[in-house]
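Architecture at a glance
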2 protein chains.
Amino acid sequence: MTDPSDSPARRTAYAARVKDIERPLVTVDVVIFTLIADALQVLLVQRPSGAREPFPGQWALPGGFVDVAHDEDLRACALRKLRDKTAVESPYLEQLGSWGGRTRDPRGWSVTQVYFALLPWASLQPRKGSNAADVRWFPVDAANAAQTADGLAFDHGLILAAAVERLRSKVEYTSLPAFLLTEPFTLPQLQQVYEIVLRRPLDKSAFRTRALAAPDFLEEAGLQATGAPRAPMGYRLVKHLQPVTFPRTFQSRG
Amino acid sequence: MTDPSDSPARRTAYAARVKDIERPLVTVDVVIFTLIADALQVLLVQRPSGAREPFPGQWALPGGFVDVAHDEDLRACALRKLRDKTAVESPYLEQLGSWGGRTRDPRGWSVTQVYFALLPWASLQPRKGSNAADVRWFPVDAANAAQTADGLAFDHGLILAAAVERLRSKVEYTSLPAFLLTEPFTLPQLQQVYEIVLRRPLDKSAFRTRALAAPDFLEEAGLQATGAPRAPMGYRLVKHLQPVTFPRTFQSRG
DNA sequence: ATAATAGTGTCTTTTAGACAATATGTA
DNA sequence: TACATATTGTCTAAAAGACACTATTAT
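Residues numbered from 1 in each chain as written. Chains lettered and ligands numbered in written order. Predicted model: local features only at pLDDT ≥ 70, side-chain atom pairs only at ≥ 80, totals over all residues. Heavy atoms only, no water.

With that out of the way, let us pick up the overall build of chain A. For chain A, the helix and strand inventory stands at 7 helices and 10 strands. By the burial criterion, 51% of the 254 residues in chain A qualify as buried. In chain A, once contacts between residues fewer than 6 apart in sequence are set aside, the share between residues at least 24 apart is 64%. Per element, the accessible surface of chain A, about 11600 Å² overall, is 51% carbon and sulfur. (Helix = DSSP H or I, 4+ residues; strand = E, 2+ residues; numbered from the N terminus. Buried < 20%, exposed > 50% of the residue type's maximum accessible area, 1.4 Å probe, protein only. Contact = heavy atoms within 4.5 Å. Areas by Shrake-Rupley, 256 points an atom, 1.4 Å probe, with all protein chains shown as cover.)

This is how it looks when you write it as C-alpha cells:
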C-alpha cells in the first residue's frame, strides 16, 4: 500500500489525494455448482435487457457490486449474493481468484472477486420455482461448449472455465465432491459423484479403501434404504467446513 | 473507464449510473520470497511516516493502489510493483488471493489482490544497494514471529502467514522451490532448498528419483564446478512459467 | 433361486523411505 | 591415498489398480 515514489513531498501529496484517486469498480461473482440428473451444473443469471446495461440479455455468473454500506467483507458479500439466488446459508464456499483489468467491463476498469460454491441440489428445491425466469442451471459441459462459445457476459466464460478446471483438479486429491451430496450419503453415491466430475470410472475397491482410510472424513450413519437390493451404509462428514486432502491423486480408469 | 467501441452518449449514461456507487479502495500487494543465506526471506517495505499515513513507519508488504490510467490488468499491476522494488522482470508470479473488508484500512472499505513471487536472490543483487533504507529482507520465521507479533501494517501479518502456508503446502507436491534458484542448479542444491522451505530433511535417493522422473521438469546442463570434490550435474528447467506437479506428496524424514 | 447391488480379498504395480554401496574429483 | 560429496542400487513399505470373489436382500 505504499507509494512507490521516493520523495517525501510526493508521498504526502499522494496520501492527500487518496480520496480523489480514481477507483476501479469492485464486484463479487459466485460460481455455484450442484449436481442435477447425474450432471454437474452451474447457476447462471440473465442480465437485464435495458439498453444502457452491459451485455443485455446475456447469461452471466450471479454477482454484483460490493455494497460498501452493508457488506462486512468479501466473503460476506459472496454469501449474500449466493443467498439471494439460492436461499442457501452455509454452503462450501472457497475463493477462486480475481479478474481485473481495463477492458473486461465497458463501464470502466473493474475487478471481480470470484468465489465458488458447492451445494446439494436437494437443499434448494423449495426456492426453485420462485424466480425461474432469469435464473437457470446449465450443465457445465454444455455451458463450456455452447455458452462459452456464444459468450457469457463479461469474461465470465473464462472464469467459469477456470472454476471447472479448479474443481476437477482438486477432486483428484480432495473430498470436495462430498459437498455436492445431502447427508447421509452412501459410498456408491459418493463414487458416482467423483466419476461424474472427473468424467472417468474409478475402481470400487481402491475408492472405498481410500475414502474409509482418510482421517476425519466419514462417520457411519446407519444403513440406508435406497431401494438397492442390499442396503448400503450411510455416512456423514466429520467436518463440514473443510475438505479432506488425500496423500495421492487418483490414477486408475477402473 | 472508457471503451472506444461505445458511443459517447452510452458511455456517459454508464458513468452517471455507476458513479453513484461508492467504490472500495483497490490495491495490489506482492509477497516476494527469495533464498538468502540458506533461509527463506520475504521483502518488506517501511510505510511513510507522515501523520496522515496509515500505519506510519511500520513494515508492510510492497504494493499500492491500482493505477487505473496505467495498469492494464491486475497481473501487470503486480509486475509493476515487483519491478519497482526488485528490478526483476519475469519472476514466477501467482495469485494468492484477495482480502477485502470494511476495517482493514482506516481510509475505508478496501480490497487487496495479493500475488506471490519466487525469485533467485542472485537475480537482484545489482539493484540491492540503491534503496536499502526502507526496503529490507526478513527471514520468514522471524517475520512470522517478531513482525507478525509486532504487527505488520494493515492485515499484512495474516496475508504473509497465508502466503507462507501456501508456499509450504505447494512445495510438498510441486517444483516451486526451483524458482528460488539460478540456473543451472544441481540436485543437491535443489534438495537443500526443499529442506529449507519444508524445514525437514528429505531422503537423497527418493528425492533424485522423483525429480528426474518428473516429465518436463529438468534437462541436463553439463557438470558444474561448485567446489565439491565430485562435480555434480547441472540442470535447467524445461518450463519456466509453470511448476511441475508430482503425483504424491513428500513423506519421509530422510 | 436369481438378479442386482454392496462390500471384501488377493495379487500386482508403482513409488517412496531407509540405507548401504559405488563413483569421482580435490587436497 | 584419504576424504568429501555425488550418484546408484537394494530392500522394504505403503497405497493404489485390476479383478475376482462373497454378502445381502428384493423379486
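All names here are of chain A. Following Glu183, the chain continues into Pro184 via a peptide bond in cis, with omega recorded as -5°. Positionally, Pro184 belongs in the loop between helix H5 (156–171) and strand S8 (185–186). Residues other than glycine seldom take positive phi values, yet Phe154 does so here, at roughly 50°. Under the relative-accessibility criterion, Phe154 is labelled buried at 16%.

Right, let's talk about the domain arrangement of chain A for a bit. All names here are of chain A. Here chain A is partitioned into domain 1 (22–170) and domain 2 (173–237). On a C-alpha basis, the centroid separation for the pair domain 1 and domain 2 is 28 Å. Here domain 1 packs against domain 2, burying approximately 1400 Å² in sum over the two surfaces, 69% of which is carbon and sulfur. The largest share of the area that domain 1 buries against domain 2 comes from Leu35, Arg168 and Lys170, three residues that together contribute 42% of it. (Domains from an automatic or database assignment. Buried area = accessible area lost by both parts, 1.4 Å probe.)

Of the transformation placing chain A onto chain B, the axial shift is 0.0 Å and the rotation is 180°, giving an RMSD of 0.1 Å. The relationship between the two copies is best expressed as a two-fold rotation axis. The position closest to the rotation axis in chain A is occupied by the C-alpha of A:Arg248, lying 2.4 Å away. (Least-squares fit on C-alpha atoms with pLDDT ≥ 70 in both.)

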